[in-house]
Amino acid sequence: MQGHKNYHEKLFVEFRLSNRVPEDNFYRRLHNTLDLQFLYAHTAQYYGSEGQASIDPVVFFKLLVFGYLENINSDRKIIDAAAMRLDVLYFLQYDIDEPLP
């Protein structure tokens with residue numbers, strides 16, 4: 001008898017990126033190794049005190065690192081590619097339902 005898959009989107013989903021990204025994944029290991037907290041102090045002088053909040057400088061740098069490592073030279077393509085990969089979302093510390101900057 002031939003099976004037939006019926007897809008129904010769930011209203012609530014229990015999902016954790018840390019459970020889906022393998023321990024030996026490159027971007028997971030990079031996230032655990034690379035400490036970019038110094039960027040906040042080094043870039044603070046370039047931000048004003050009024051207006052909308054900017055992109056987190058650590059996230060911005062991580063996006064640039066991802067683009068460099070994957071040989072992607074367009075900002076839009078970097079965001080599109082990052083949004084499709086669970087390991088990169090884990091690297092950026094973004095959830096799957098959270099829009100990228």
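Anything mentioned here points back to the structure above.
Residues numbered from 1 in each chain as written. Predicted model: local features only at pLDDT ≥ 70, side-chain atom pairs only at ≥ 80, totals over all residues. Heavy atoms only, no water.

Participant: Honestly, the overall build of the protein in this entry has me stumped. Any pointers?
Facilitator: If you tally the helices and strands in the protein, you get 6 helices and 0 strands. Each helix and strand of the protein, ordered N terminal to C terminal, gives the series α-α-α-α-α-α. At 17 Å, the protein has a C-alpha radius of gyration far larger than the 13 Å of a compact globule built from 101 residues. Looking at the protein as a whole, 29% of its 101 residues qualify as buried. Within the protein, contacts between residues at least 6 apart in sequence are counted, and of these 49% link residues at least 24 apart. (Helix = DSSP H or I, 4+ residues; strand = E, 2+ residues; numbered from the N terminus. Rg over C-alpha atoms; globule rule 2.2 N^0.38 Å. Buried < 20%, exposed > 50% of the residue type's maximum accessible area, 1.4 Å probe, protein only. Contact = heavy atoms within 4.5 Å.)

Participant: How should I be thinking about the environment of arginine 16 in this particular structure?
Facilitator: Turning to its location among the elements, arginine 16 is positioned in the segment before helix H1 (17-20). The spacing of arginine 16 and isoleucine 72 is 56 residues in sequence and 27 Å in space, taken between C-alpha atoms.

Participant: Can you walk me through the packing of helix H4 (residues 57-69) against helix H5 (residues 75-83) in this structure?
Facilitator: When two helices pack together, their arrangement is given by the angle between their axes and by how far apart the axes lie. At a minimum axis separation of 10 Å, H4 and H5 run at an interaxial angle of 90 degrees. It follows that H4 is roughly perpendicular to H5 by the angle criterion. Together, Leu63, Phe66 and Gly67 of H4 and Ile78, Ile79, Ala81 and Ala82 of H5 make up the contact between the two elements. Residue composition of the contact of H4 with H5, grouped by class: 6 nonpolar, 1 polar and no charged. (Axes fitted to C-alpha atoms, helices over the stretch in contact; angles between N-to-C directions. Parallel < 35°, antiparallel > 145°, perpendicular 65-115°, else oblique. Nonpolar A, V, L, I, M, F, W, Y, C, P; charged D, E, K, R; others polar.)

Participant: What am I meant to see in the pattern of salt bridges here?
Facilitator: Side-chain pairs of opposite charge can arise where the charged atoms are in close proximity. For the structure shown, the criterion picks out 3 salt bridges. Across the pair glutamate 23 and arginine 28 runs a salt bridge, and its minimum N-O distance is 3.3 Å. Put simply, arginine 85 and glutamate 70 hold a salt bridge, and the shortest N to O gap is 3.4 Å. Of this pair, arginine 85 sits in the loop between H5 and helix H6 (86-92) while glutamate 70 sits in the loop between H4 and H5, and the two are 15 residues apart along the sequence. The exposure class assigned to glutamate 70 is partly exposed, which follows from its relative accessible area of 33%. (Salt bridge = Lys/Arg side-chain N within 4 Å of Asp/Glu carboxyl O.)

Participant: Which parts of the structure should I look at to understand H4?
Facilitator: Residues lying three or four places apart along an α-helix face the same way, a consequence of the helix completing one turn every 3.6 residues. Helix length check: H4, at 13 residues, gives a terminal C-alpha distance of 18 Å against a target of 18 Å (1.5 Å per residue), a fit within 8%. Of the positions making up H4, those classed as buried are Pro57, Val58, Val59, Lys62, Leu63, Val65, Phe66 and Gly67. Packed against the buried residues of H4 are helix H2 (26-33), helix H3 (38-43), H5 and H6. Sitting at the head of H4, aspartate 56 places a side-chain oxygen 2.8 Å from the backbone nitrogen of valine 58. Taken from the residues just after H4, asparagine 71 is the one with a positive phi, measuring 60 degrees. (Expected span 1.5 Å × (residues − 1). Polar contact = N/O pair within 3.5 Å; in protein donor to acceptor, adjacent residues only side chain to side chain.)

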